[in-house]
Amino acid sequence: MDEAPPQLPRVAPPPLPPSPPYGPMSAAPPTPPTPPSAESRLKKWLAPLGALGVLLWKFKAVLVPVVKFFPVLLKTGGTMLLTIGVYTLALGWKFAVGFVLLILIHECGHLIVARRFGLRASAPVFIPFMGALILLRDAPRNAWMEAWVGIGGPLLGSLGGAACYGLFLATDQVLFAALAWMAFFLNLFNLAPIGFLDGGRIVTAISPWLWLVGLAVMVGMLFVAFNFIIVLILMLSIPRLLSLFRKRSAEEKRYFEVEPWQRLVMSGLYFGLAAALLLGMKLAYVNPDTLRPDAAAPQASSK
């Protein structure tokens, strides 16, 4: 028989070194770190700011125009979104977006003409249920200039409505017909010759006495259907209406001086545009009940 191999004696492993003591058990507690000086703390805070300053300086060509344009975005873009939201609740987002864009086109017509005459004007500001407005920072120098600034909005706004009607004819989508009708109606309403409405400014180059015609039209509309906006228009129109019955100063007389050919041109544009808008409203008419968000998909139709 083979003999068993000899057994080697077992050797115990060496003990692990003891863990270092903590806290008060430490024979030699570590020295607490020295708090940073005020200068080092200041450098720590200024370093990121300095890097940010260098970055802004590097891209100032892009940032400066954006910062300058921010008020425009806040006024025009913000009020546009608010107005779209309000109209969406009544007529759905598609009509609301198209409607507000048509108002913007109208206001851009005023801006374009004002700048052609060298007049400074503010960006459009939208007011739900009242449309939008721009403010002229420079007053027109005469009635001819005021009339052109006034008619610029309805002219471009009517073209926007005509574009919507063209889309209706091309696509047979009743939404475009409804937008066209609304554009024609709003631009025609703005041609009413009274007060601060576009028509009231246009007729300064034709005959300011047409303001009385606008007064009769507005009062008649109140008897048909009372509307707070019409009341507001009448109230704001009082100063100009009263000016018809007082003696004008020499400066006011110069303001209203218009050449015969200018009066003829503006009369043709004004009354011709009004007739075209009436025709457009007849062609693009749709039943307003079909525009409600909960209405069934309507069939395209027009008169």
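The residue aspartate 198 is located in helix H6 (residues 198-202) in this model. Despite its burial, aspartate 198 pairs with no opposite charge, the nearest such side chain being arginine 201 at 5.4 Å. At 3.0 Å, the side chain of aspartate 198 forms a polar contact with the side chain of histidine 106. Apart from residues lying up to four places away in sequence, aspartate 198 is in contact with His106, His110, Gly150, Pro154 and Asn190.

What follows deals with a nonpolar patch on the surface. A contiguous nonpolar patch, built from Ile127, Phe129, Met130, Leu133 and Leu135 and spanning about 470 Å² of accessible area, is present on the exposed surface. Among the secondary structure elements, isoleucine 127 is positioned in strand S1 (residues 125-127).

Confidence in the prediction of the chain, expressed as mean pLDDT, is 79, and 70% of residues score 70 or more. Contacts from residues 16-30, a stretch scored under 50 in pLDDT, to residues over four places away or in other chains number 1 contact. Taken as a whole, residues 66-70 scores under 50 in pLDDT and shows 0 contacts with residues more than four places along the chain or in a different chain.

Now for the packing of helix H7 (residues 210-224) against helix H8 (residues 228-243). The interhelical angle for the contact between H7 and H8, taken along N-to-C directions, is 155 degrees, at an axis separation of 11 Å. Between H7 and H8, the angle is such that the two are roughly antiparallel. Of the two elements, H7 crosses H8, and the hand of that crossing is left-handed. Contact residues: Trp211, Leu212, Leu215, Met218, Val219, Met221 and Leu222 in H7; Ile230, Val231, Leu234, Arg240, Leu241 and Ser243 in H8. Its residues assigned to classes, the contact of H7 with H8 comprises 11 nonpolar, 1 polar and 1 charged.

What follows concerns the environment of phenylalanine 126. Following the sequence through the fold, phenylalanine 126 ends up in strand S1. The class of phenylalanine 126 is buried, set by a relative accessible area of 3%. Separated by 19 residues in the primary sequence, phenylalanine 126 and glutamate 107 have C-alpha atoms spaced 9.9 Å apart. Residues in contact with phenylalanine 126, not counting those within four places in the same chain, are Thr76, Thr79, Met80, Thr83, Val100, Ile103, Leu104, Gly131 and Ala132.

To continue, consider the nonpolar core. Ranked by size, the top nonpolar core spans 45 residues in total, and within it Phe99, Leu191, Ile202 and Met266 carry the most contacts. Counting only elements with at least two residues in this core, the list comes to helix H2 (60-91), helix H3 (93-116), helix H4 (143-171), helix H5 (174-190) and helix H10 (260-284). The dominant element in this core, judged by the number of residues it contributes, is H5, at 8 residues. Within the second largest apolar cluster, 8 residues are counted, among which are Ile194, Leu197, Met218 and Leu234.

Attention shifts here to the packing of H5 against H10. At a minimum axis separation of 9 Å, H5 and H10 run at an interaxial angle of 150 degrees. Viewed along their axes, H5 and H10 adopt a mutual orientation that is roughly antiparallel. Crossing angle aside, the handedness with which H5 passes H10 is left-handed. Residues Ala177, Ala180, Trp181, Phe184, Phe185, Asn187 and Leu188 of H5 form the contact with H10, whose participating residues are Ala274, Leu277, Leu278, Gly280, Met281 and Ala284. In the contact of H5 with H10, the residues fall into 11 nonpolar, 2 polar and no charged.

Here is what the cut-offs are and how they apply
- Residues numbered from 1 in each chain as written.
- Predicted model: local features only at pLDDT ≥ 70, side-chain atom pairs only at ≥ 80, totals over all residues.
- Heavy atoms only, no water.
- Helix = DSSP H or I, 4+ residues; strand = E, 2+ residues; numbered from the N terminus.
- Buried < 20%, exposed > 50% of the residue type's maximum accessible area, 1.4 Å probe, protein only.
- Lys, Arg positive; Asp, Glu negative; His and termini not counted.
- Salt bridge = Lys/Arg side-chain N within 4 Å of Asp/Glu carboxyl O.
- Polar contact = N/O pair within 3.5 Å; in protein donor to acceptor, adjacent residues only side chain to side chain.
- Contact = heavy atoms within 4.5 Å.
- Patch = residues over 30% accessible without salt bridge, like charges linked within 9 Å, V, L, I, M, F, W, Y side chains within 5 Å.
- Areas by Shrake-Rupley, 256 points an atom, 1.4 Å probe, with all protein chains shown as cover.
- pLDDT = per-residue confidence, 0-100.
- Axes fitted to C-alpha atoms, helices over the stretch in contact; angles between N-to-C directions.
- Parallel < 35°, antiparallel > 145°, perpendicular 65-115°, else oblique.
- Left-handed = near helix turned anticlockwise from the far one by under 90°.
- Nonpolar A, V, L, I, M, F, W, Y, C, P; charged D, E, K, R; others polar.
- Core = buried A, V, L, I, M, F, W, Y, C linked by side-chain atoms within 4.5 Å.

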